[in-house]
Amino acid sequence: HLLYAMVQLLCDRKTKHILAIAVTFSLSCHLSWHHTPALPVYFTSHTNETINANDLNNDYEIVTTNYGWQGTNPSGHSRRKLTGEFFNAILSHPKHNASAWADLEQNPDPNRRVVAFMDIDTCLESNYPTYGITWTHNNVNLDINARPGERIFRILKHACVHIKRAAESPVLTANKESRLILLDCGTGYPGRWLKDFCDNRTDTNKNFKFGGGWGNVLDNDQVIIAYTGITKADARPVDIGLPIPAIMPVTLMPHERYWIHHCHDNNRGLRFYKFSFQGQGNFGRDRLRDLDNGNDVLVNIKAMQSYGPGINTTSSKLNDYADLLRNTQFAAAPRGDCLWSYRFSEIMSAGAIPVVYANDWLPPFSSTADPDRIVNWEKCALFIGEEDSEVNRTIDTINQISNDARCEMMNCALDFWDKFASSRDGWLKAILLWVNRGVHQVPKQNL
């Protein structure tokens, strides 16, 4: 750590980070990292999973429907890679009961509480893990999908019918505390695939081409939809937010994580850049350019033709983006054509604090009825209005946050990434926590 600090002082800010890492890594190879205190898996000030015994209860089963990939013709149903990761997390969970859906449809049991998931794709994320429409065929599970270019509308035509079928199944209705979880990732759309294309409560002819819609599914509080991008005004009280998958996650080195965890020690964990953004200037993002001060606030607006393709390569553009986030306290996550930004999760992976410009967006694992059940987002991120007056006050708002509070927010952001956003196992863990805390009315214990 002493050598790292010396290099930080001797080098200019464009090269000091890379050189400091090289020196620290070289020293670590000689001395071994076991001389550094072990990094905690969970941080005392933020952890929540193990506080209450109800979080670890065994009174429920994880089940999956048998209409698609678990049915008689699994190859006839498309699946995006993101959905495949999540579905595999479900199947590998120790509480998953592979035969429960069929058993309970034949023999409904009011004493068996289930958390059910669909075995068809409702998430429909097209930009993961490779961003851009040109590479969409890279983002589907070709082993079970013979139609990589299958349109979302066609998939939804089948999904609406099966969702209605699951919501009305005795597997769910036998126990009022059972839940059906649906994922809606809304890529390239305002973020409400399911709600807009399946709901026909007010017009029975509205969704005829989508299999007749799903009837009164949205009137059923046993059905929870997890959205990556929906406004609080449009979400039902039982619906929750879902993390955006990171296209370019940042991998922090051990010493970088150590400094974030020990940020309060003379604020060593605070990075050089107070605020930064690098990306395209469309969707109003070019307004951030006025915040650049040539010093500790950096805004680099890039043209679409030079930035977009680079997101899928190992070019220096990618390294610039990751290195910038590593050296940033607050990083902008402005909305794009959807209400959310892939940067949101990428920023947290770097241990930086997301600054969200997306009016009324429902954050991950939050609901309008119980916003802090899992995460207290005031401790993990900064939310600023999309209006010009609000954007222009960004730096003033940041300046009002103390260094100690910034350290807490950086820890909280990285903690959230590690536990809930870095993998689909994390998604599943947070969803199960959400459901169980609601059923057992566990007092608020959040990040």
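Coordinates for the structure precede this section.
Remember, predicted model here, so these are calculated numbers, not experimental data.

Draft legend 1. The overall build of the protein chain, seen in detail. The helix and strand inventory of the protein chain stands at 15 helices and 10 strands. Among the 447 residues that make up the protein chain, the fraction classed as buried is 56%. In the protein chain, once contacts between residues fewer than 6 apart in sequence are set aside, the share between residues at least 24 apart is 74%. On the protein chain, roughly 19,100 Å² of surface is accessible, and the fraction owed to carbon and sulfur atoms is 51%.

Draft legend 2. Inspection of the sheet that holds strand 1 (residues 60–64) at higher detail. With parallel pairing, the five strands of this open sheet are ordered in space as 1-2-3-4-5. With one partner strand each, in any of the chains shown, strand 1 and strand 5 (240–241) form the two edges of the open sheet. As paired strands, strand 3 (residues 179–184) and strand 4 (residues 223–227) are joined by five bridges and run parallel to one another. Bridge pairing links Leu-183 to Ala-226 in strand 4. Of the strands in this sheet, strand 1, strand 2 (113–117) and strand 3 are in contact with helix 3 (residues 81–92), which crosses strand 1 at around 135 degrees.

Draft legend 3. Local environment of the state of the cysteines. All chains considered together, the criterion is met by three disulfides. Here Cys-263 is linked by a disulfide to Cys-407, with a sulfur-sulfur distance of 2.0 Å. Residues Cys-263 and Cys-407 share a disulfide whose torsion about the S-S bond is about -55 degrees; that sign makes it left-handed. Residue Cys-263 is found in the loop between helix 8 (254–261) and strand 6 (273–280), and its partner Cys-407 is found in helix 14 (residues 403–421); the two are separated by 144 residues along the sequence. Since its relative accessible area comes to 0%, Cys-263 is described here as buried.

What counts, and where the lines are drawn
- Residues numbered from 1 in each chain as written.
- Predicted model: local features only at pLDDT ≥ 70, side-chain atom pairs only at ≥ 80, totals over all residues.
- Heavy atoms only, no water.
- Helix = DSSP H or I, 4+ residues; strand = E, 2+ residues; numbered from the N terminus.
- Buried < 20%, exposed > 50% of the residue type's maximum accessible area, 1.4 Å probe, protein only.
- Contact = heavy atoms within 4.5 Å.
- Areas by Shrake-Rupley, 256 points an atom, 1.4 Å probe, with all protein chains shown as cover.
- Pairing = 2+ DSSP bridges.
- Axes fitted to C-alpha atoms, helices over the stretch in contact; angles between N-to-C directions.
- Disulfide = S-S within 2.5 Å.

So yeah, pure geometry; function would need other evidence.
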